[in-house]
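# Survey of secondary and tertiary structure
Next come the chains, spelled out residue by residue.
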Amino acid sequence: NPLNLSGFGGLKWYRPLKLQHLLELKSKYPDSKLLVGNTEVGIEMRLKRMQYQVLISVTHVPELNVLNVKDDGLEIGAAVRLTELLKMFRKVVTERPAHETSSCKAFIEQIKWFAGTQIKNVASVGGNICTASPISDLNPLWMASGAKFHIVDCKGNIRTTMAEEFFLGYRKVDLTSGEILLSIFLPWTRPFEFVKEFKQAHRRDDDIALVNAGMRVYLEEKDEEWVVSDALLVYGGVAPLSLSAKKTKTFIVGKSWSQELLQNALKILQTDIILKEDAPGGMVDFRKSLTLSFFFKFFLWVSHQME
Ligand code: FAD
């Protein structure tokens, strides 16, 4: 049933069952807060004492819970829980041609090191994306893998944006107060297109990353050389938002995948991803070296895939 509860101090809590009802609530209460797993909002309200007057739990809205395998990729509702997503990734990896699921495999590996089971059972894909934490483990991968975000407004109009364009600043995303994230489209990878995840934390299990990353490269054979046709290197934990290394990308696209590319790209990366000496989080030298070593590892891994 749809639920509508009132709490202490005028707090309102809704649980709509239809997208239409959710959009009506969003239009009536533009400052309302959507909830799925409540693993972010719960902390904000209890520990950071943030006040939200209207909460809308969207766990029961079917359109936000879709998980569909399509010809060109995977459609993932914004309220899908990480455990469900992981199950789906594991399934498609066994069922689809290996070259199509390079991104899925990267997500599987990254989700392994994401929180504990209890959090993954309730935490949603959309909650992670919309929180836009600079240290989100998944946002660099959505960006790198060329995912698209479908956004719906109060009137039901849907627009689409690339994940790469969605993050605007510290916990700031390309959503107006009347808009919500509806779903994510993750395209299959092509032959010779490779996606890889990276995360370095103090502990392996259930820890916040110091630096993380998602990287993709698409190689095409030209004149008996493997040339970078497209690429994206996205880092977390180095800036107020998940950050694409744009200069490095521009440099490697069109170049042959070789030791020379590696050496030069490492030089450019140092000017592309800049951590100031007083950057929040500390350990600046270590984190700088991680940004380089992730790309080094990526280079070796891709080269190995090509053997
Ligand atoms: P909620 O708290 O329900 O919502 C979060 C925000 O997203 C809210 O502002 C909400 O309004 C908004 N929102 C939700 N759905 C939509 C939508 N459809 N459209 C628009 N806005 C929406 N994160 C990591 O990246 N890596 C980790 O390893 C990790 N470990 C964690 C460990 C613990 C113990 C905890 C408490 C958190 C951890 N997190 C981690 C962060 C957090 O769990 C994730 O960001 C999680 O995916 C949030 O999902 P949720 O459904 O609980 O979000």
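As the structure is a computational prediction, the values presented were derived from the model and not from experiment.

## Brief notes about the domain arrangement of the chain
- Partitioning the chain into structural domains gives domain 1 (3-57), domain 2 (62-187) and domain 3 (193-305).
- Using only C-alpha atoms to locate each centre, domain 1 and domain 2 end up separated by 21 Å.
- Facing 11 residues of domain 1, the contacting portion of domain 2 comprises 15 residues.
- Looking at the side of domain 1 that touches domain 2, the element that brings in the most residues is helix α1 (residues 19-28), giving four residues.
- In terms of residue class, the side of domain 1 that touches domain 2 is built from five nonpolar, three polar and three charged.

## Remarks on the pairing of strand β11 (residues 180-187)
- Burial runs high along β11: six of the eight residues are buried.
- Both strand β6 (residues 73-77) and β11 contribute to a ladder of five bridges, which runs antiparallel. When the bridges of β11 are listed, L74 appears paired with L186.

## Thoughts on the packing of helix α3 (residues 82-95) against helix α4 (residues 102-112)
- Direction vectors running N to C along α3 and α4 enclose 140 degrees, while the axes themselves pass 9 Å from each other. Overall, the two elements α3 and α4 adopt an arrangement that is oblique. Crossing handedness for the pair α3 and α4: left-handed. Taking contact as the criterion, the partners of L82, L86, F89, R90, V92 and V93 in α3 are, on α4, C104, K105, F107, I108 and I111.
- Classifying every residue of the contact of α3 with α4 gives nine nonpolar, no polar and two charged.

## Here we look at the site of the ligand
- Around the ligand, the structure places 28 residues, and the nearest of them are V36, G37, T39, G127 and N128.
- Sorting the residues of the shell around the ligand by element identifies β3 (33-35), α2 (41-46), α5 (117-122), α6 (125-131) and β11 as the ones contributing at least two each.
- It is α6 that contributes the most residues to the shell around the ligand, five residues altogether.
- The residue inventory of the shell around the ligand, partitioned by class, reads 16 nonpolar, nine polar and three charged.
- Built from parts of two domains, the shell around the ligand gets at least three residues from each of domain 1 (3-57) and domain 2 (62-187).

## So, unusual backbone geometry
- The phi torsion at A132 lies on the positive side, around 55 degrees, for a residue other than glycine.
- You can see A132 is positioned in the loop between α6 and α7 (139-144).
- A positive phi is found at D206, a non-glycine position, where the angle reads about 50 degrees.
- The topology assignment puts D206 in the loop between β12 (193-201) and β13 (209-222).

Rules and cut-offs
Residues numbered from 1 in each chain as written. Predicted model: local features only at pLDDT ≥ 70, side-chain atom pairs only at ≥ 80, totals over all residues. Domains from an automatic or database assignment. Contact = placed C-beta atoms within 7 Å. Helix = DSSP H or I, 4+ residues; strand = E, 2+ residues; numbered from the N terminus. Nonpolar A, V, L, I, M, F, W, Y, C, P; charged D, E, K, R; others polar. Buried ≥ 20, exposed ≤ 12 C-beta atoms within 10 Å, placed from the backbone. Pairing = 2+ DSSP bridges. Axes fitted to C-alpha atoms, helices over the stretch in contact; angles between N-to-C directions. Parallel < 35°, antiparallel > 145°, perpendicular 65-115°, else oblique. Left-handed = near helix turned anticlockwise from the far one by under 90°. Near = placed C-beta within 6 Å.

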